[in-house]
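The residues making up each chain are set out below.
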Amino acid sequence: MIPAVFLVILCLGMASSSPEPDPVLDGEWQMWKIKYGKTYSLIGNFGTEEEGKKRAVWKENMKKIKLHNGENGLRKHGFTMEMNAFGDMTSEEFRKMMIDIQIPAVKKGKSVQKRQAANLPKFINWKKRGYVTPVQRQGICNSCWAISVTGVIEGQIFQKTGQLITLSVQNLVDCSRPQGNEGCYVGSTYSALKYVKENGGLESEATYPYEGKEGSCRYNPENSTASITDFELLPASEDALIYAVATIGPISVAVDEWHEYFLFYKRGIYYEPNCKNTTLNHAMLLVGYGFLGQESDGRKYWLVKNSIGIQWGNRGYMKLAKDQENHCGIATFALYPRV
């Protein structure tokens, strides 16, 4: 059995500073508020408007997005950005939600490590093969770690039974504290898998629905829908990762998403020069890989499923640079269960 790993993951993200409002943007601002259901209140004794501050942040973020895309985002940067529901969040607000996580030295799995990543398909998309449930929205609860773990178990259950069942994220949020998780604050994909193994089961979304907040543990073994026999931590290698994705199915991964362009990603292959492969703070589900154009041009990607709704990225999905020295730590902390 792999030694306990206390990698905790805090989820979400982003934006920037505070210029004065611009009347030219009135229309866009109003449409954005309506689209995302944004309402603001008065703050303080002097009636300082929260909306004025939030609009200034939104305006600055909008400038960054338009500048990025105006530089021909796909050609110069490899990806384009789009304003979304997080447009009124400053980078400082985002940073307060994040913590640097040290990766402990642990024993990695051997079964994948010794195999060669040769003669594998050039493209894999497990979503198209029926292994992946719809994109979820974690909301204000930092439950990305739980959503990643339910996703990786769902894929293995589908492979075994042919049934795709959405498993309970809330079950993990409420019940895995004994394994070291802290509900909506922080959590570890490793500890979540450990909970499922030790608990002997996990409920489905149907019997234990998501609430977006932590509550008391209400797990009922009579409603158990999935179980695992063990789980494995992959070597921190993109060769090991591609072999696992190609032969096993979706894989639970963690990445460095601290950077502000991440949260406004829309399409293309995301590459952030400042991304680190040892600072992980957001769990996602790796569901495939491929390349754009000619394979030799280096535009290879990992296809990952996020947990902040379908209005982010390409309906909740991102293409992240592959074979770029473990970009953003995609291979640093990858796990899968045995069912």
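Cut-offs applied
Residues numbered from 1 in each chain as written. Predicted model: local features only at pLDDT ≥ 70, side-chain atom pairs only at ≥ 80, totals over all residues. Heavy atoms only, no water. Helix = DSSP H or I, 4+ residues; strand = E, 2+ residues; numbered from the N terminus. Buried < 20%, exposed > 50% of the residue type's maximum accessible area, 1.4 Å probe, protein only. Contact = heavy atoms within 4.5 Å. Areas by Shrake-Rupley, 256 points an atom, 1.4 Å probe, with all protein chains shown as cover. Disulfide = S-S within 2.5 Å. 1 Å grid on protein atoms, 1.4 Å probe; cavity = no way out; pocket = protein on both sides within 12 Å on 5 of 7 lines; lining within 4 Å. Points joined across faces, edges and corners; volume = space filled by probe spheres on them. Nonpolar A, V, L, I, M, F, W, Y, C, P; charged D, E, K, R; others polar.

### A closer look at the overall build of the protein chain
Phase 1 of the analysis: Tallying secondary structure elements over the protein chain gives nine helices and 13 strands in all.
Phase 2 of the analysis: Evaluated residue by residue, the protein chain yields a buried proportion of 55% over its 339 residues.
Phase 3 of the analysis: Within the protein chain, contacts between residues separated by at least 24 positions form 78% of all contacts whose residues are at least 6 apart in sequence.
Phase 4 of the analysis: Summed over its atoms, the accessible surface of the protein chain is roughly 15300 Å², and 49% of this surface lies on carbon and sulfur atoms.

### Digging into the state of the cysteines
Phase 1 of the analysis: For the coordinates displayed, the defined rule picks out three disulfides.
Phase 2 of the analysis: Each disulfide pairs two cysteine sulfurs, and for Cys175 the partner residue is Cys217, the sulfurs being separated by 2.1 Å. Measuring handedness by torsion sign, the sulfur bridge of Cys175 and Cys217 sits at about 100° and is right-handed. With Cys175 in helix 6 (residues 169-175) and Cys217 in the loop between strand 5 (202-203) and strand 6 (224-226), this residue pair connects regions lying 42 residues apart in the sequence.

### A closer look at empty space enclosed by the protein
Phase 1 of the analysis: In the structure shown here, the tally under the stated rule is one cavity of 30 Å³ or more.
Phase 2 of the analysis: Computed from the structure, the largest cavity encloses a volume of approximately 50 Å³.
Phase 3 of the analysis: Lining the largest cavity we find Cys144, Ile147, Ser148, Gly151, Ala283, Met284, Leu285, Lys305, Asn306 and Ser307.
Phase 4 of the analysis: Of all the secondary-structure elements, those providing two or more residues to the lining of the largest cavity are helix 5 (144-161) and strand 10 (282-291).
Phase 5 of the analysis: Looking at the lining of the largest cavity element by element, the count peaks at four residues for helix 5.
Phase 6 of the analysis: Here the residues of the lining of the largest cavity are counted per class, giving five nonpolar, four polar and one charged.

### So, unusual backbone geometry
Phase 1 of the analysis: Located in the positive-phi region is Asp323, a residue other than glycine, with phi close to 55°.
Phase 2 of the analysis: Even without a glycine there, the phi angle at Cys328 is positive, about 60°.
Phase 3 of the analysis: Tracing the backbone shows Cys328 in the loop between strand 12 (317-321) and strand 13 (335-338).

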